[in-house]
Amino acid sequence: MIRLFLGLLLAGVLGLAQAQEIGRNDLPPEARETLRLIAQGGPFQHRRDGITFNNFEKLLPPMPRGHYREYTVPTPGIRHRGARRIVCGGQRQIDCYYTADHYRSFRKI
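Residues numbered from 1 in each chain as written. Predicted model: local features only at pLDDT ≥ 70, side-chain atom pairs only at ≥ 80, totals over all residues. Heavy atoms only, no water.

A. Representation of the state of the cysteines. Counted under the stated rule, the structure contains one disulfide. At a sulfur-sulfur separation of 2.1 Å, the disulfide partner of C88 is C96. The disulfide joining C88 to C96 has a torsion of about 110° about its S-S bond and is therefore right-handed. Both residues of the pair, C88 and C96, belong to the buried class. (Disulfide = S-S within 2.5 Å. Buried < 20%, exposed > 50% of the residue type's maximum accessible area, 1.4 Å probe, protein only.)

Next up, the structure:
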């Protein structure tokens, strides 16, 4: 019991607490389309899509450098990349997270 408490305390202190979850159907339609493109390997609208996400914020589970990749979720009505992203990790990019606030928070998909 003490180990569990200390583990949870350490995770909170390090910002590694479990991300809240969001279902695919609860994502904006643009995010669902981005997930589809990720699954098929593109093509992506922005040249920076697929670059390494370094997890500097330490909000996602710690992994070796290069594990996570980031992808733009288009925002209707704006002409730049905006704040919305999907970050995926792993060999097949199936461990994915959604952020609507440019990495301030994440929700596990």
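B. View of the confidence of the model for the protein. Here the protein shows a mean pLDDT of 87. Residues at 70 or above account for 83%. Of all the helices and strands in the protein, helix α1 (residues 2–13) carries the lowest mean pLDDT, 41, while strand β6 (residues 107–108) carries the highest, 98. (pLDDT = per-residue confidence, 0-100. Helix = DSSP H or I, 4+ residues; strand = E, 2+ residues; numbered from the N terminus.)

C. Representation of the sheet that holds strand β5 (residues 95–99). Read across the sheet, six strands follow the order β1-β6-β5-β4-β3-β2 without closing on themselves; strand pairing throughout is mixed. Looking at which strands have only one partner, the edges of the open sheet turn out to be β1 (20–21) and β2 (51–53). With five bridges connecting them, strand β4 (residues 85–89) and β5 associate as antiparallel partners. Considered in β5, the bridge of G89 is made with D95. Strand contacts of helix α2 (residues 29–40): β3 (68–72), β4 and β5, with the helix running at about 35° to β4, the strand carrying the most contacts. (Pairing = 2+ DSSP bridges. Contact = heavy atoms within 4.5 Å. Axes fitted to C-alpha atoms, helices over the stretch in contact; angles between N-to-C directions.)

D. Geometry of the pairing of β5. Burial analysis of β5 places four of its five residues in the buried class, which makes it a mostly covered element. Hairpin connection from β4 to β5: five residues lie between these consecutive antiparallel strands, with G90 at a positive phi of about 95°. Pairing between β5 and β6: two bridges, direction antiparallel. If you follow Y97 over to β6, its bridge partner there is K108.

E. Up close: unusual backbone geometry. A cis amide bond links G42 to the next residue, P43, at an omega of 5°. Mapped onto the fold, P43 is located in the loop between α2 and β2. If you check the backbone angles, Q93 has positive phi at about 55° while not being a glycine. Within the secondary structure, Q93 is located in the loop between β4 and β5. Within the chain, Y103 stands out as a residue other than glycine whose phi angle is a positive 75°.

F. Inspection of α2 at higher detail. Taking 1.5 Å as the rise per residue, α2 with 12 residues should run 16 Å; its terminal C-alpha atoms sit 17 Å apart, in good agreement. Within the sequence span of α2, burial applies to A31, T34, L35, L37 and I38. Relative to the axis of α2, the buried residues are bounded by an arc of 160° and lie together on one face. Within α2, the exposed residues directed more than 90 degrees away from the buried face are P29 and A39. Check the buried side of α2 and you find it contacts β3, β4 and β5. Downstream of α2 by a residue or two, G41 has a phi angle that is positive, lying close to 85°. (Expected span 1.5 Å × (residues − 1). Arc of directions from axis to C-beta.)

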